[in-house]
Structures are given as C-alpha cells and as structure tokens.
Amino acid sequence: MYNIGDLFVYGVNGACKIVDIKEEKFGSGEKTYYILAPYSDLKETIFVPVDNEMLVSRMKKILTPEEINSLIKTIPSAESIWEENVNLRREKFREIISKANRTELIALLKTLYERRKALKLIGKNLSTYDERFLRQAQNIIHSEIALVLQIPQDEVAPYIERAINAA
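Residues numbered from 1 in each chain as written. Predicted model: local features only at pLDDT ≥ 70, side-chain atom pairs only at ≥ 80, totals over all residues. Heavy atoms only, no water.

(A) Representation of the packing of aromatic side chains. In total, this model carries 5 aromatic pairs according to the counting rule given. When the ring of Tyr33 is compared with that of Phe47, the centres are 6.0 Å apart and the planes differ by 85 degrees; the resulting orientation is edge-to-face. One end of the pair, Tyr33, is in strand 3 (residues 29-38); the other, Phe47, is in strand 4 (residues 46-49), with 14 residues separating them in the sequence. Looking at Phe47, the relative accessible area reads 34%, which means it is partly exposed. With 5.8 Å between their ring centres and 85 degrees between their planes, Phe93 and Phe133 make a pair best called edge-to-face. You can see Phe93 sitting in helix 3 (residues 86-99) and its partner Phe133 sitting in helix 5 (residues 128-149), a full 40 residues away along the chain. Residue classification places Phe133 among the buried residues on the basis of a relative accessible area of 1%. Three or more aromatic residues joined by ring pairs make a cluster, and in this case those are Tyr2, Phe8 and Tyr34. Against the face of Tyr10 rests Arg58, its NZ or CZ located 5.0 Å from the ring centre. (Phe/Tyr/Trp six-rings, centres within 6.5 Å; stacked < 30°, edge-to-face > 60°. Helix = DSSP H or I, 4+ residues; strand = E, 2+ residues; numbered from the N terminus. Buried < 20%, exposed > 50% of the residue type's maximum accessible area, 1.4 Å probe, protein only. Lys NZ or Arg CZ within 6 Å of the ring centre and 35° of its normal.)

Written out as structure tokens, the structure is:
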C-alpha cells in the first residue's frame, strides 16, 4: 500500500502526488481510493481504486535526479521510431503513451521533434494526432523532470537542451 505524499508518474497525467487515501462511494459500493493530484494541473483529481491492480500498476515511482540526468543523456542516441503507415504509427504511439516507459517516451519525443523540424523546413506541420502524442509525451516526461529537479515545467526543455549540449 502506498502513502499520502508518495510521488508517481500516472499515465498521460504525468507526475502526480497522493494527496489522500479514503473511502468513496461511486456506483454500487464503497471502495478505498488513492486520490492523486497531477503536478501539471493541481485542479484535477484522479481516483485510483486501491484494489484495482491494473490501474495501480500504472503508478510508476518517480525517478531520482541521477536517473533523470542519465535519461536525458540517452536522447542523442535515441533511435527514430517513425512509422510511415498512419494507422500503425497511431497504434504504436498510443501504446508508448499508455505504458509511460520513459525510454520509449524519450524516443517518441525525439522522433516527433525531428519530424516537426523536417516538416517545418518544407512549410508543413505535424498531423493533429502526432501533435497530440507529442504534447502527451511532453507532459509525462516534463512534469516528472520538473518535479524531481524542482524547476518550473517551462524550464524543462531549456534544461534538457543545455544538458545535451554540455555532454
């Protein structure tokens, strides 16, 4: 069982804090819930049933500052995961977002940043879907980095860029 104050990455919500653990009645019966507050949107509240193994398994422990910096150092060597087939790409990106595996998210971010940059050179933009996946991956990764390194979320991208350039 987790405790109030524990920090996690929870799916597309990114970094979250357990702000309460309490009994709530939704629908037919009363259950115990972890009450999560996303770091990037303190007005939002997420209820995770303590007895729902699938949802609880999506609560991933926050990385340490050392792990964050190691992850950032992998960005230059991350391989592109671009898929030309739109349907296969959407499914692949959707799966990466739902698993919230940091290494896969870094590859997704790098792929979409590079794709957006290449398209911009020819006067085009990412598709709406790809842009949405980019925002979701950014929220997950950037909220965790901001929380762990105790920096504002809008300073995460410049921090990453400085770290990569210094390597």
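(B) Highlighting helix 3. With 14 residues, helix 3 ought to run about 20 Å at 1.5 Å a step, and its terminal C-alpha atoms sit 20 Å apart, in line with that. Taken as a whole, helix 3 has its buried residues at Arg89, Phe93, Ile96 and Ile97. Along the axis of helix 3, the buried positions cluster into a sector of 95 degrees, meaning they face one direction only. Across from the buried face of helix 3, at angles greater than 90 degrees, the exposed residues are Asn87 and Leu88. On its buried face, helix 3 sits against helix 4 (102-121) and helix 5. The N-capping residue of helix 3, defined by a side-chain oxygen 3.0 Å from the backbone nitrogen of Asn87, is Asn85. Just downstream of helix 3 lies Ala100, where phi reads positive at about 55 degrees. (Expected span 1.5 Å × (residues − 1). Arc of directions from axis to C-beta. Contact = heavy atoms within 4.5 Å. Polar contact = N/O pair within 3.5 Å; in protein donor to acceptor, adjacent residues only side chain to side chain.)

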